[in-house]
Amino acid sequence: MENDNKAHEEPEQEWPYLDVHRHLRYWKMCIRAPLPHVYLSNESNRLALAYFIVNSVTLLTPPPSKRTPETPEPLISREDKRAMRKWVLHHQHPTGGFCGTSSLVFPLNSYDTYNFDTKTLDEPDHAGLANITSTLFALQLLALLADEEDEAAGENVFEGVNRVGTLRFLKSLQREDGSFGEALSDLPGHGRFIAGGYDMRYCYIATAIRWILRGDVKEGSPGWVEDFDTEALARYILNSQTYDRGFAGNSQDEAHAGYAYCAIAALTLLDRPLTSTSSSSSSSSSVPHKSPLLHSSIRDLPGLIHWLASRPFVYLEPPPPSADQDPDTYIYQEDDLDDPNFLLPPTPSDLLCLLSQTAEKKGHDKTHVAFNGRTNKVADTCYFWWVGGALANLGRLDSLVDREAARRFLLEKMQHRIGGFGKSPGSPPDLYHSFFGLAILGLLGDEREGGKVRGFDAGLAVPRETVGVIERARRKLIESEKGGKGVVDGGKELDAVEMGLELRGGGERPKWLGACGY
Amino acid sequence: MPPKGKAATKPKATETTTTSNPTTTNTTSQTASQPSEPTTVLERSQQRFEKTRPFEAARRQQGLSRLSKEDQKGWICDQLLHLTNRLPAASRSCLLGPKASKEIWWTVNGTNSIVRGLKHKPEPYTTWGTDRNGHDVGSYTIERFDERFRKRIALTALQVSSRVFRENVEREKRGFVDARSGREIIVTEREIDEEKVRRSKMAALKKDLYGAITGKLAESVEWEDVVPIPHEEPEGALAAITYPAEYAEAMSYLRAVMTTKEYSPRCLRLTEHIIAMNPAHYTVWLYRAANIFALDLSIPDEIEWLNEVALANLKNYQIWHHRHLLVEHYYPTISSDPDALAQFAKQERDFLIAILSEDTKNYHVWSYRSWLVGKLGMWEDEEELKSIEKMIDEDVRNNSAWSHRFVLVFSNPKYATPGKAATEKDEKVPQELVDREVKYAQNKVYLAPQNQSPWNYMRGVLVKGGQPLASVQGFVEEFVNKLGEGEEEEEVKSTHALDLLAEIYAEKKENEKADLCLRRLAEKWDKIRGGYWEWRRKCLTQSETEKAPGEQVEKAEEGIAAA
């Protein structure tokens, strides 16, 4: 699958390498063409799909400073970016937060809940349509879609974001035990309750939204919003370490690499400085800062590292389906791999023996290292990211993982011939795994990928340039809320509110205005 | 609207001197050439037009200046006639005056012109419009056009009957009395059935004629009072998904009922309809739960339905959250009845066993199961432990089952200290339980020494029971022989044994021995984790005390409060 392409695509490169050309072709296909029907299950969370697409394209597009005359035109033009940002903002709920899909964005008048009996306006009922996950994806997308040609314009990407409303929405999603749900819902007989499972993902997302929007506004100043209970959240996370020293959605569940990443990244974000420059000089590193909270609070930190270090395993090629096929050239189809790639032999000696046999046959001892997400589970592209990201936040990605063998596995076994990465060897690419494959390459920062993939931030899961955009956009948004400068002038907005009230025919001030931050 | 051909089929010749039958052949004396038989409906109508407007036809063909003086006069009169005909009768005289009118009529009479000529010349596209494929209906053959015409008549007839039906439904609702019979109006089942048939016929005809997509809901009697809110996709959209028209329709109705907060059986059916197409839509599930609670429907019935959906969608997350909500809602109604509780617990377990046999490591199912044990208090339930043992017997590598076992044994509130973390020692856990579990894990290690699950389990049990790791040293050493005594001699049956042995030696401050274990792991037995083992070695030398290997880490004084 690789050889035919080598000739026209940078022939000096040694296999395996990241075939940027094909990946870009895959992403180009995903940008505007409607996604196939199999993605229907993601209909309620289309912003997530958009995030995978735009993040990947950004990862593969060199920043303006690194562009040469030979660099192809960016896949997403400046005009497209503007239109896409508008589309993202369209998902914002009137009282803050974002909806996951435009089919959950209701015509504005339906949010107006006039009660004919009491002749007053009730609080909006549709809070359930905004979702914590979509809110983070929307904010990340706005920053990813910044116009990089024009830094001043980049500062304005959060223009129109209801910062105060979103932060209040965020706070309303925290449960008593410190954990977070995904949405608010009205259940008859149960009142308004926080929907969503006990899921570490929501905890991570809450800390990321907080870091992106909250800033350092002092209590009493305009734009100040009461923080959620960070201590309770941290306690909840810390209590979710399991008996085998990994992390789960809570300590009663099975340890899972995705949740381990979320737990670690959440703790890191809780005490991450608001700007990269003010902390260590690590603006060029994937690790934003060495989180004192993270390192001091985890009950069994060495155990956690042990659990994470246990995720990689030697990937062994299963025998071809029939004897007459050459195992070296046979390309596996997904159906061939019932138990895709957890074929460890019973004893360590057997494994060593098998590896030396293979090495003798091939003339080299280059092994493949894959990652699983739980003990005794099979390999999956995304766990390379979840484990790698977790280790990066701990500052241990460099020293603990056999990067060479892992990178080899990713590029040789998971890279698909039409571009993108699959979930497991032989499977077709999908948005999710194609993105996480690029993300981990950005995190590893291998010099062979140098210039091809942007450096990636292990905490916020966007390219490092985008973190800078977020920092500037946050500052601008808060400044504009303080009044004086900026387009979203606080004073003017209040004038507009008064005008709107007058247009309603005066009378009582609707209760929900408070929820909107006025 | 297209001309129905009324005027054309009966053109009224005011002068009959030279005509035979004007409806069959062109008999006017003017210049129009004999047309051939029309092939399309457009052609036919154009011929009819020309037949009734001979001067206009001649002008179009030849141009006004090339017509004879006679014909020019005829054309002018024809135009004026049609102009005045369009005016109300009373104002016609205002336009021309009696003298001019007289002259026109005199001319018209003399030129054999047809007074009731067709007003407009039929044009492609604009006259009949397009069909559902975008083709000009005017380009249809006569037969095809007639067929389309018949369908439209049929549709109109159905629509009239349907309106009568709907009016009757409305009358019934308001309790109206039939004026003739004096009886209350009742819509019978038969009438409803007839209406259903009618609607599907109407939908088929609409689709055939206009290509209108009318899904099940738009056709349904039940939904006729709901105005769907179709969703609009703004410009710049990303990640659009090609989804079936049926889904779009259902979502537009969902939006409508969610806006009005309607809770009703039909809403419940609507959620089922959408879930069948997209079981991962969290909002739909939440709305379904709201309907069930508002209507006070039977939770066991819902769970039975949910079982089917869960089995058909193994990887779905929302199903389990829904089940969680249902149980939370149902629990208070049975919590005081131990038999009902036990019965419910058994039913749930039976289903969980069934679904886990299909997908043994399903994270959502296991997560639900561990929650359920706590909710229903299944700690002492022997069946629960037995079914887990059975799963471990079937696949000793099933880490999910191991994990559940740990929770089941060590979170039992009968003896576990509340609030103790999983990695923390709990003095209240009985010693015999710790011994039993260590033994259990060891027996499973013998089956497959390189299986990490029972090793992790055993270590977890020792920590929980507050026992030194060295208490299993003898067992662990069974898996390691002659370490460091030469490549040929050295035998390691499990890298996990070597790993634990390193910890045991470190615990006993036998750092050299511990270092040897770690070194052999890095050098030979587990090279892919070489970096990790080297780090562990470094930790050994850096900390003479039993300090954790993470001691290089800066201790932040603020701790959690820093957040």
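Here is what the cut-offs are and how they apply
- Residues numbered from 1 in each chain as written.
- Chains lettered and ligands numbered in written order.
- Predicted model: local features only at pLDDT ≥ 70, side-chain atom pairs only at ≥ 80, totals over all residues.
- Heavy atoms only, no water.
- UniProt positions renumbered as here; feature names shortened; annotations may be inferred.
- Helix = DSSP H or I, 4+ residues; strand = E, 2+ residues; numbered from the N terminus.
- Buried < 20%, exposed > 50% of the residue type's maximum accessible area, 1.4 Å probe, protein only.
- Contact = heavy atoms within 4.5 Å.
- Areas by Shrake-Rupley, 256 points an atom, 1.4 Å probe, with all protein chains shown as cover.
- Expected span 1.5 Å × (residues − 1).
- Buried area = accessible area lost by both parts, 1.4 Å probe.
- Salt bridge = Lys/Arg side-chain N within 4 Å of Asp/Glu carboxyl O.
- Polar contact = N/O pair within 3.5 Å; in protein donor to acceptor, adjacent residues only side chain to side chain.
- Nonpolar A, V, L, I, M, F, W, Y, C, P; charged D, E, K, R; others polar.
- Axes fitted to C-alpha atoms, helices over the stretch in contact; angles between N-to-C directions.
- Parallel < 35°, antiparallel > 145°, perpendicular 65-115°, else oblique.
- Left-handed = near helix turned anticlockwise from the far one by under 90°.
- Domains from an automatic or database assignment.
- Pairing = 2+ DSSP bridges.
- Phe/Tyr/Trp six-rings, centres within 6.5 Å; stacked < 30°, edge-to-face > 60°.
- pLDDT = per-residue confidence, 0-100.
- Core = buried A, V, L, I, M, F, W, Y, C linked by side-chain atoms within 4.5 Å.

In the nomenclature of an unreviewed UniProt entry, chain B is known as Protein farnesyltransferase/geranylgeranyltransferase type-1 subunit alpha of Neurospora tetrasperma. UniProt lists a comment for chain B under the heading Cofactor (unreviewed entry), and it reads "Mg(2+)". Per its UniProt entry, chain B bears the Sequence similarities (unreviewed entry) comment "Belongs to the protein prenyltransferase subunit alpha family."

The name an unreviewed UniProt entry gives chain A is Prenyltransferase alpha-alpha toroid domain-containing protein, with Neurospora tetrasperma as the organism. Annotation of chain A in UniProt includes, under Cofactor (unreviewed entry), the sentence "Zn(2+)". Quoted verbatim from the Sequence similarities (unreviewed entry) heading of the UniProt record, the comment on chain A is "Belongs to the protein prenyltransferase subunit beta family."

A. Local environment of the overall build of chain A. Along its length, chain A carries 20 helices and 8 strands. When burial is assessed residue by residue, chain A has 60% of its 518 residues classed as buried. Long-range pairs, those at least 24 residues apart, make up 69% of the contacts in chain A with a sequence separation of at least 6. About 20400 Å² of surface is accessible on chain A, with carbon and sulfur atoms providing 51% of the total.

B. Representation of the overall build of chain B. Helix and strand counts for chain B stand at 23 helices and 2 strands. Counting across all 563 residues of chain B, residues that qualify as buried make up 47%. The contacts of chain B with a sequence gap of at least 6 include a subset with a gap of at least 24, amounting to 62%. Surface exposure of chain B reaches about 29100 Å², of which carbon and sulfur atoms provide 51%.

C. Layout of helix α16 (residues 403-414) of chain A. Along its 12 residues, α16(A) runs 15 Å from first to last C-alpha, staying within 8% of the 16 Å computed at 1.5 Å per residue. For α16(A), the full list of buried residues reads Ala405(A), Ala406(A), Arg407(A), Arg408(A), Phe409(A), Leu410(A), Leu411(A) and Met414(A).

D. Structural detail: the interface of chain A and chain B. Counting residues at the interface gives 99 residues for chain A, matched by 86 residues for chain B. Interface area, chain A with chain B, both sides summed: about 8100 Å², of which 60% is carbon and sulfur. Looking at the side of chain A facing chain B, the largest losses of area belong to Leu40(A), Tyr243(A) and Gln252(A), adding up to 10% of the total buried there. On the surface where chain A and chain B come into contact, there are 1 salt bridge. Across the salt bridge formed by Lys261(B) and Asp186(A), the nearest N and O atoms sit 3.7 Å from each other. Seen at the junction of chain A and chain B, the total is 33 residue pairs in polar contact (both at pLDDT 80 or more). By residue class, the composition of the side of chain A that touches chain B is 45 nonpolar, 33 polar and 21 charged.

E. Seen up close, the packing of helix α12 (residues 301-309) of chain A against helix α23 (residues 530-542) of chain B. α23(B) packs onto α12(A) with a crossing angle of 160 degrees between their chain directions and a minimal axis gap of 10 Å. When the axis of α12(A) is compared with that of α23(B), the two are roughly antiparallel. Handedness of the crossing formed by α12(A) with α23(B): left-handed. Between α12(A) and α23(B), the contacting residues are Ile305(A), His306(A) and Ala309(A) on the first element and Tyr532(B), Trp535(B) and Arg536(B) on the second. When grouped by side-chain class, the residues that make up the contact of α12(A) with α23(B) number 4 nonpolar, 1 polar and 1 charged.

F. Region of the structure containing the domain arrangement of chain B. According to the domain assignment, chain B consists of domain 1 (54-111), domain 2 (141-210), domain 3 (382-467) and domain 4 (487-543). The C-alpha-based centres of domain 1 of chain B and domain 3 of chain B are spaced at 106 Å.

G. Structural view of the domain arrangement of chain A. All names here are of chain A. For chain A, the assigned domains read domain 1 (42-65 + 72-239 + 466-485 + 493-518) and domain 2 (241-462). Listed per partner, the contact involves 40 residues of domain 1 and 38 residues of domain 2. Taking both partners together, domain 1 and domain 2 bury about 3400 Å²; carbon and sulfur atoms supply 66% of that area. If you sort the residues of domain 1 by the area they bury against domain 2, Leu59, Tyr204 and Leu238 come out on top, with a joint share of 22%. Applying the counting criterion to the domain 1 and domain 2 interface returns 1 salt bridge. The partner of Glu148 in a salt bridge is Arg454, and the shortest N-O contact between them spans 2.9 Å. Counting across the domain 1 and domain 2 interface gives 14 residue pairs in polar contact (both at pLDDT 80 or more). Listed by contribution, the elements that provide at least two residues to the side of domain 1 that touches domain 2 are α3 (46-60), α5 (132-144), α8 (200-213), α9 (230-238) and α18 (464-482).

H. Examining the pairing of strand β5 (residues 183-187) of chain A more closely. Residue and element names in this part refer to chain A. Most of β5 is tucked away: 5 of the 5 residues are buried. Residues Ala183, Ser185 and Leu187 point to one face of β5 and Leu184 and Asp186 to the other, with burial holding for every one of them. As judged from the 5 bridges shared by β5 and strand β6 (residues 191-195), these two strands associate in the antiparallel manner. Residue pairing for β6: Leu184 is matched across the bridge by Ile194. Counted along the chain from β5 to the antiparallel partner β6, the turn is 3 residues long, and its residue Gly189 has a positive phi close to 90 degrees.

I. Representation of helix α3 (residues 54-62) of chain B within the structure. Listed as buried for α3(B) are Pro54(B), Phe55(B), Glu56(B), Ala57(B) and Ala58(B). Just beyond α3(B), the residue with positive phi is Gly63(B), at close to 95 degrees.

J. Seen up close, the packing of aromatic side chains. All names here are of chain A. Evaluated as defined, the whole model comprises 44 aromatic pairs over all chains. Taking the centre distance of 6.1 Å and the plane angle of 65 degrees together, the rings of Phe435 and Phe456 count as edge-to-face. Of this pair, Phe435 sits in helix α17 (residues 431-444) while Phe456 sits in the loop between α17 and α18, and the two are 21 residues apart along the sequence. Like Phe435, the residue Phe456 is buried in the burial classification.

K. Main features of unusual backbone geometry. All names here are of chain A. The residue Arg245 is not glycine, and still its phi comes out positive at about 80 degrees. Non-glycine residue Asn376 carries a positive phi angle of around 65 degrees. Inspection of the secondary structure assignment puts Asn376 in the loop between β8 (369-371) and α14 (381-393).

L. Geometry of the confidence of the model for chain A. Averaged over all residues, the pLDDT of chain A is 83; the fraction at 70 or higher stands at 79%. Ignoring residues within four places in sequence, the model shows residues 484-493 of chain A, a span with pLDDT below 50, making 16 contacts including any to other chains.

M. Structural context of the nonpolar core. Counting residues in each nonpolar core, the largest one holds 263 residues, and the members touching the most others are Trp27(A), Phe158(A), Tyr204(A), Leu308(A), Trp385(A) and Leu431(A). Counting residues in each nonpolar core, the second largest holds 6 residues, with Trp128(B), Val137(B), Tyr140(B) and Phe145(B) among its members.

N. Quick peek at the side chain of Asp199(A). Within the secondary structure layout, Asp199(A) lies in the loop between β6 and α8. Within the local environment of Asp199(A), its side chain forms a polar contact with the side chain of Tyr317(B), the two groups lying 3.4 Å apart. With residues up to four places along the chain from it excluded, the contact list for Asp199(A) reads Tyr259(A) and Tyr317(B).

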